[in-house]
Amino acid sequence: MILGIETSCDETAAAILADGTKILASVVASQDQIHAPYGGVVPELASRRHVEVIVPVIRKALSDASVSLADLAGIAVTQGPGLVGSLLVGCSVAKSLAYVRKLPLVGVNHLEGHIFAAFLQEPTPDYPFLALVVSGGHTALYLARQPLAYQLIGQTRDDAAGEAFDKVAKLLGLAYPGGPVIEQTARSGDPRAISFPMAQITDGAPDFSFSGIKTAVSLHVKRARPLSAAHVADIAASFQATVVKMLAKKTVGAALSLGVRRLVLTGGVAANKALRAALSAEAGERGWELFIPPPALCTDNAAMIAAAGQARLSAGERAPLTMNAIPDLKLAEPRPQGSGAR
Ligand code: KG4
Ligand code: ZN
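What follows is about the overall build of the chain. Broken down by element type, the chain carries 11 helices and 10 strands. Expected size for 342 residues packed as a compact globule is a radius of gyration near 20 Å; at 20 Å, the chain falls within 12% of this value. Seen through its C-alpha atoms, the chain measures out along the principal axes to roughly 60 × 45 × 35 Å. The buried share among the 342 residues of the chain stands at 52%. Restricting the contact set of the chain to residue pairs at least 6 apart, pairs at least 24 apart contribute 73%. Total accessible area on the chain is roughly 14,500 Å²; 54% of this is exposed by carbon and sulfur atoms. Here the chain contributes 31 positively and 28 negatively charged side chains, and the mean placements of these two sets differ by 2 Å.

Among the secondary structure elements, A61 is positioned in helix 2 (residues 43–64). Spatially, the C-alpha atoms of A61 and A13 are 8.8 Å apart, while their sequence positions differ by 48 residues.

This part is about the environment of D328. With respect to the secondary-structure elements, D328 resides in the segment after helix 11 (303–314). Residues D328 and Q79, spaced 249 residues apart in sequence, show a C-alpha to C-alpha distance of 9.6 Å.

Next up on the list: the pattern of salt bridges. Here the structure, examined in full by the defined rule, presents 14 salt bridges. Between D19 and K22 there is a salt bridge, with the nearest N and O atoms lying 3.1 Å from each other. Judged by relative accessible area, D19 falls into the exposed class, the value being 60%. Measuring nitrogen to oxygen at the nearest pair gives 2.7 Å for the salt bridge that ties E317 to R312.

Pairing within the open sheet is mixed, and its 5 strands lie in the order 8-7-6-9-10. The outermost strands of the open sheet, each flanked by one partner alone, are strand 8 (149–155) and strand 10 (289–291). On average, each strand axis in the sheet is inclined to that of its neighbour by 25 degrees, with strand direction left out of account. Relative to strand 8, strand 7 (residues 139–146) is paired through 6 bridges, and the arrangement is antiparallel. In the strand pairing of strand 8, L141 is matched with G154. On the sheet, helix 8 (residues 229–258) packs against strand 6 (129–134), strand 7, strand 8 and strand 9 (262–266) and is oriented at approximately 160 degrees with respect to strand 6.

The strand order 3-2-1-4-5 describes an open sheet built from 5 strands, whose pairing is mixed. Every other strand in the sheet has two partners, leaving strand 3 (22–30) and strand 5 (105–109) as the edge strands with one partner each. The average undirected angle you get between the axes of adjacent strands in this sheet is 20 degrees. One ladder, built from 4 bridges, connects strand 1 (residues 2–6) with strand 4 (residues 74–80); its direction is parallel. Residue I2 lies in a different strand from strand 4, and its bridge partner there is G74.

A few words on the packing of aromatic side chains. Under the counting rule described, the total for this entry stands at 6 aromatic pairs. Consider the rings of F116 and F119, whose centres lie 5.0 Å apart with planes at 35 degrees: the pair is tilted. Among the residues examined, F119 registers a relative accessible area of 12% and is labelled buried. A ring pair is formed by F165 and F239, whose centres lie 5.1 Å apart and whose planes are at 75 degrees; its orientation type is edge-to-face. Separated by 74 residues along the polypeptide, F165 in helix 5 (residues 161–171) and F239 in helix 8 bring together distant segments of the chain. Per residue, the accessibility class of F165 equals that of F239, and both read buried. Aromatic ring contacts, followed pair by pair, group F116, F119, Y127 and F129 into a single cluster.

The rules behind these values
Residues numbered from 1 in each chain as written. Chains lettered and ligands numbered in written order. Predicted model: local features only at pLDDT ≥ 70, side-chain atom pairs only at ≥ 80, totals over all residues. Heavy atoms only, no water. Helix = DSSP H or I, 4+ residues; strand = E, 2+ residues; numbered from the N terminus. Rg over C-alpha atoms; globule rule 2.2 N^0.38 Å. Buried < 20%, exposed > 50% of the residue type's maximum accessible area, 1.4 Å probe, protein only. Contact = heavy atoms within 4.5 Å. Areas by Shrake-Rupley, 256 points an atom, 1.4 Å probe, with all protein chains shown as cover. Lys, Arg positive; Asp, Glu negative; His and termini not counted. Charge placed at Lys NZ, Arg CZ, Asp CG, Glu CD. Salt bridge = Lys/Arg side-chain N within 4 Å of Asp/Glu carboxyl O. Pairing = 2+ DSSP bridges. Axes fitted to C-alpha atoms, helices over the stretch in contact; angles between N-to-C directions. Phe/Tyr/Trp six-rings, centres within 6.5 Å; stacked < 30°, edge-to-face > 60°.

Laid out in structure tokens, this is it:
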């Protein structure tokens, strides 16, 4: 059994995982209410809250799983990428526990954690697969040819998709976090009501861009004010449909050019039903396999960190007690400039 700890952004999470796949407990303390008045995460407030709740959250995970620290075989903690103050809280606690209990410790890349969420349900993906990791801080395509080895295929050149959802929600006067609220609001809207531009990446790279559509929504809102509830729903639906189309198109294009027939969709935005449905349709049409974690494992949680950590511990990886947060930790080296789709 291993303890996973996740504090990279605004969720304080701890989980107990058995045998690398069985979730005995997964506790997520959300800070949404703290950051909602600001329409985005305030780093100082996030780290302060992590300090307050990390110990109770770990205690609750242990008690939910009916285990004690003495039962653990290791500790996995998110090392990065993320907010430095937030990451430091998880790393400090993980190091303290590892030191006191003499347990093996491993630092996990948050994005690898998101990918490992796909291994927490049956069936699990074989290799190779192409993973679309789409969250509040990241939007990227990674090719996993074999366990624990990743190649960056494409990424956003500006905003992350989740960030675009959050910013558009703010423009529309909707609550934070924007993703779930836009999805809910879009249900009563017409996805074809407004034609928002799809970003064009002219050099052929499978990269994403979401700043253009955010600006288009902002201009539309300024022109159309005051907005009726029906108009807000149409904007939400049209925005969501366009973002989903962009994500699906780039993912399918990259898979085709790589000759990969297995996809993983993960990260907070992967909780979005329209995106899940669009990628399912694309994969189904081509006879590809598609793996999407359940929504609660798409958004930030510690079970996914424990799963990735278990794989790394099994591979013999150990972090020294001098390990620390790396806010800009990379999962794979960037593609060389001008190298096109590969
Ligand atoms: O993975 P995550 O929990 O945290 C990061 O690593 O960033 O992702 C959070 C992001 C937020 O931007 C949130 O608005 C978005 O995921 N999100 C969604 C949905 N649920 C969460 N976006 C679209 N539709 C959703 N249902
Ligand atoms: Zn995340």
